[in-house]
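Summary of the model geometry
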Amino acid sequence: MKLDNSNGQTPLTADVSMLQEADADAEEIFVPPLNFAMVDNGIFRSGFPDSANFGFLKSLRLRSVMCLCPEPYPETTLEFLKDNGIRLYQFGIDGCKEPFVNIPNDTIREALKVALDVRNHPLLIHCKRGKHRTGCLVGCIRRLQRWCLSSVFDEYQRFAGAKARVSDQRFIELFDISCLKHYPLPFSCSRK
């Protein structure tokens, strides 16, 4: 701001560029991605983020993003991740609607290892809509947190809605979490 003393009074004349900057900051709208939610301290879930979500994602101060889709990551989103020092982990799981096509256990196991590693937190886990693939991975996290299956399925169904799949719920129930029990569990419910 500048002081104008030309007529003996001291009116304030604001620098226009400074006001425009302040307006831009004040008007920034934070739009979360579809199906966004907090899973636990440092772990979030959502559908595929796009440029409308960048301001919101920046406010999370993410260290990592985990994509469960096999398609190439969009260039604008890759650029956003790079500009903000966010590491991308991509685990290509087909979004299959067929009832007897299996979700790959090994891929979910590797994704869980990334999710359990606090060096990757804050972490956003996403697939296309944040329903099925993300729901399966989060369901396995809930099992590691020792949630009862009915609560795990309630959460899965809340995000999947009318498109909930029995095959996904069966996968969550039957997934062998014993191979991950030796990993340190960074969850808020596991702290003493």
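Relevant structure appears above.
Residues numbered from 1 in each chain as written. Predicted model: local features only at pLDDT ≥ 70, side-chain atom pairs only at ≥ 80, totals over all residues. Heavy atoms only, no water.

1. What to know about the environment of Leu112
This is how the line gets drawn: The helix count covers DSSP runs of H or I at least four residues long, the strand count covers runs of E at least two residues long, and both are numbered beginning at the N terminus.
Tracing the chain through its elements places Leu112 in helix H4 (residues 105-116). In this structure the C-alpha to C-alpha distance between Leu112 and Ile177, which are 65 residues apart in sequence, comes to 9.7 Å.

2. Observations concerning the pattern of salt bridges
Condition: Salt bridge criterion: a side-chain nitrogen from Lys or Arg within 4 Å of a carboxyl oxygen from Asp or Glu. Each residue is assigned to one of three classes by its accessible area relative to the maximum for its type, calculated with a 1.4 Å probe on protein chains only: buried under 20%, partly exposed between the two thresholds, exposed over 50%.
Taken as a whole and judged by the stated rule, the model has 4 salt bridges. A salt bridge links Arg109 to Asp106, with the nearest nitrogen and oxygen atoms 2.8 Å apart. In this pair, Arg109 and Asp106 both sit in helix H4, 3 residues apart, roughly one turn of the helix. Taking the relative accessible area as the measure of exposure, Arg109 reaches 19% and is therefore buried. Two residues, Asp117 and Arg119, come together in a salt bridge whose shortest N-O distance is 2.6 Å.

3. What to know about the nonpolar core
Definition in use: We define a nonpolar core as any set of buried Ala, Val, Leu, Ile, Met, Phe, Trp, Tyr and Cys residues linked to one another through side-chain atoms lying within 4.5 Å. Contact between two residues is taken to exist if any of their heavy atoms lie within 4.5 Å; hydrogens are not considered.
Of all hydrophobic cores here, the largest spans 41 residues; its most connected members are Met66, Leu68, Ile108, Leu112 and Ile125. Counting only elements with at least two residues in this core, the list comes to strand E4 (43-46), helix H2 (54-59), strand E5 (64-67), helix H3 (75-83), H4, strand E7 (123-126) and helix H5 (132-144). Ile108 has contacts with Ile93, Ile103, Leu137, Cys140, Phe171 and Phe175, leaving out every residue within four places of it along the chain. Counting 5 residues, the second largest nonpolar core, distinct from the first, contains Val152, Phe153, Ala160 and Ile172.

4. Quick word on the packing of aromatic side chains
Quick reminder of the rule: Any two of the Phe, Tyr and Trp rings considered here, Trp counted by its six-membered ring, make a pair once their centres fall within 6.5 Å; the pair's planes then place it as stacked at under 30 degrees, edge-to-face at over 60, or tilted in between.
The tally for this structure, following the rule as stated, stands at 5 aromatic pairs. For the pair Phe36 and Phe44, a centre-to-centre distance of 5.5 Å together with 20° between the ring planes defines the contact as stacked. Owing to a relative accessible area of 10%, Phe44 belongs among the buried residues under this scheme. Here Phe48 and Tyr73 contribute two aromatic rings whose centre-to-centre distance is 5.1 Å and whose plane-to-plane angle is 35°, an arrangement assigned as tilted. Pair noted here: Phe48 is in the loop between E4 and H2 and Tyr73 is in the loop between E5 and H3, with a separation of 25 residues, a long-range link. Residue Tyr73 is classed as buried on the basis of its relative accessible area, which comes to 8%. Among the aromatic residues, those joined into a ring-pair cluster are Phe36, Phe44 and Phe56.

5. Considerations on unusual backbone geometry
Residue Pro122 is bonded to the preceding His121 through a cis peptide linkage, with omega at -5°. Phi is positive for Asn35, which is not a glycine, with a value near 60°. Along the polypeptide, Asn35 turns up in the loop between helix H1 (16-27) and strand E3 (37-40). Of note, Arg146 is a non-glycine position whose phi angle comes to about 70°, a positive value.

6. Some details on the side chain of His121
Selection rule: In protein, a polar contact means a hydrogen-donor-capable atom and an acceptor-capable atom, both N or O and within 3.5 Å, with residues adjacent in sequence counting only if both atoms are side-chain atoms; elsewhere, any N or O pair within 3.5 Å suffices.
In this structure, His121 sits in the loop between H4 and E7. Assessed through its relative accessible area of 9%, His121 is described here as buried. A distance of 2.6 Å separates a polar side-chain atom of His121 from the backbone oxygen of Ala115.

It is worth stressing that arrangement in space is one thing and function is another; only the former is reported here.
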